[in-house]
Amino acid sequence: MRTITCGTLTLLGLCALTLGAVRGEMAGAGAQGGIPPEVVAGYVYAIVQADRTLYTTHVVERMEELGKALATEQWKKQEALPLPAQMLLMAGEEIKGQGTDLRIRLASLWPINKANGPADDFERVGLERVAKEPKRPYAGFITQEGKRVFKAIYADRAVTKACVECHNGHGLTGKPGLKLYDVMGGIVISFPSP
Ligand code: HEC
């Protein structure tokens, strides 16, 4: 916040003018800056998380309960549904394909798929932080290809038994012995922000 004192400005009119100009400048900056990046990331996260939860419960688990289909890693080659993680990663690719600068992905310090490991130090530190404090996202600015980018990491938890069972049973997991509600990784959301 900028503080203005009019003490040195003897002419009241000039002081009022100066304040007006500064207010205008600040209002202009506000309009330009728009919604704070952490709020935007929170909105994006809400959509991503809602889709992830609904896909897991109302499609994957429901089809399994009805004996209709299973979600498997090799879903393309089998009569199966994509895994929830694969759906999120594909959505991230789809968004990229639309030509926007918004990026979403799933990452973990103990990934099954090495490509889902932390992409940089910011992600490594962030994933460690959300593993300890899942309720609070880890967020900040980084420079990527010369652009100022806002990045936020939200904890991704083992919300159903299926998460734990599949990951623990997967030969490539970096962390066997996961329990229900453990943090398994994070949803990473980023976009350029001035
Ligand atoms: C049937 C098996 C299966 C189930 C169920 C499953 N996952 Fe995964 N998960 C995988 C596989 C396989 C990958 C790697 C996907 C890829 O990138 O190709 C993965 C990737 C991930 C990743 C990214 C890091 C990594 O390990 O590569 C996270 C985080 C994750 N899953 C969390 C969850 C959560 C939370 C749930 C429950 C809501 C869940 N998974 C359910 C198999 C599963």
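Attention in this report is confined to the structure presented alongside it. (Residues numbered from 1 in each chain as written. Predicted model: local features only at pLDDT ≥ 70, side-chain atom pairs only at ≥ 80, totals over all residues. Heavy atoms only, no water.)

## Remarks on the coordination of the iron atom of the ligand
Part 1 of the argument: Counting protein donors around the iron atom of the ligand gives one, His167 (NE2), at 2.1 Å.
Part 2 of the argument: Inspection of the secondary structure assignment puts His167 in helix α5 (residues 161–169). (Donors = N, O, S within 2.8 Å, 3.2 Å for Na, K, Ca; no water. Helix = DSSP H or I, 4+ residues; strand = E, 2+ residues; numbered from the N terminus.)

## So, the pairing of strand β3 (residues 147–157)
Part 1 of the argument: Judged by how many residues are buried, β3 sits mostly within the fold: eight of 11 residues are covered.
Part 2 of the argument: In terms of strand pairing, strand β2 (residues 138–144) meets β3 through seven bridges, oriented antiparallel. If you follow Thr143 over to β3, its bridge partner there is Arg148.
Part 3 of the argument: Joining the antiparallel neighbours β2 and β3 is a turn of two residues, in which Glu145 adopts a positive phi near 50 degrees.
Part 4 of the argument: Of the strand pairs in this sheet, β3 and strand β4 (residues 183–192) are connected by nine bridges, and their pairing is antiparallel. Residue pairing in the sheet places Ala155 in a bridge with Gly186 of β4. (Buried < 20%, exposed > 50% of the residue type's maximum accessible area, 1.4 Å probe, protein only. Pairing = 2+ DSSP bridges.)

## Re helix α3 (residues 84–97)
Part 1 of the argument: Taking 1.5 Å per residue, 14 residues should reach 20 Å; α3 reaches 20 Å between its end C-alpha atoms and fits that length.
Part 2 of the argument: By the burial criterion, the buried members of α3 are Pro84, Gln86, Leu88, Gly92 and Ile95.
Part 3 of the argument: Looking at the buried residues of α3, the elements they touch are α2 (37–65), β1 (103–107) and β4.
Part 4 of the argument: Backbone geometry just downstream of α3 places Gly99 in the positive-phi region, at approximately 85 degrees. (Expected span 1.5 Å × (residues − 1). Contact = heavy atoms within 4.5 Å.)

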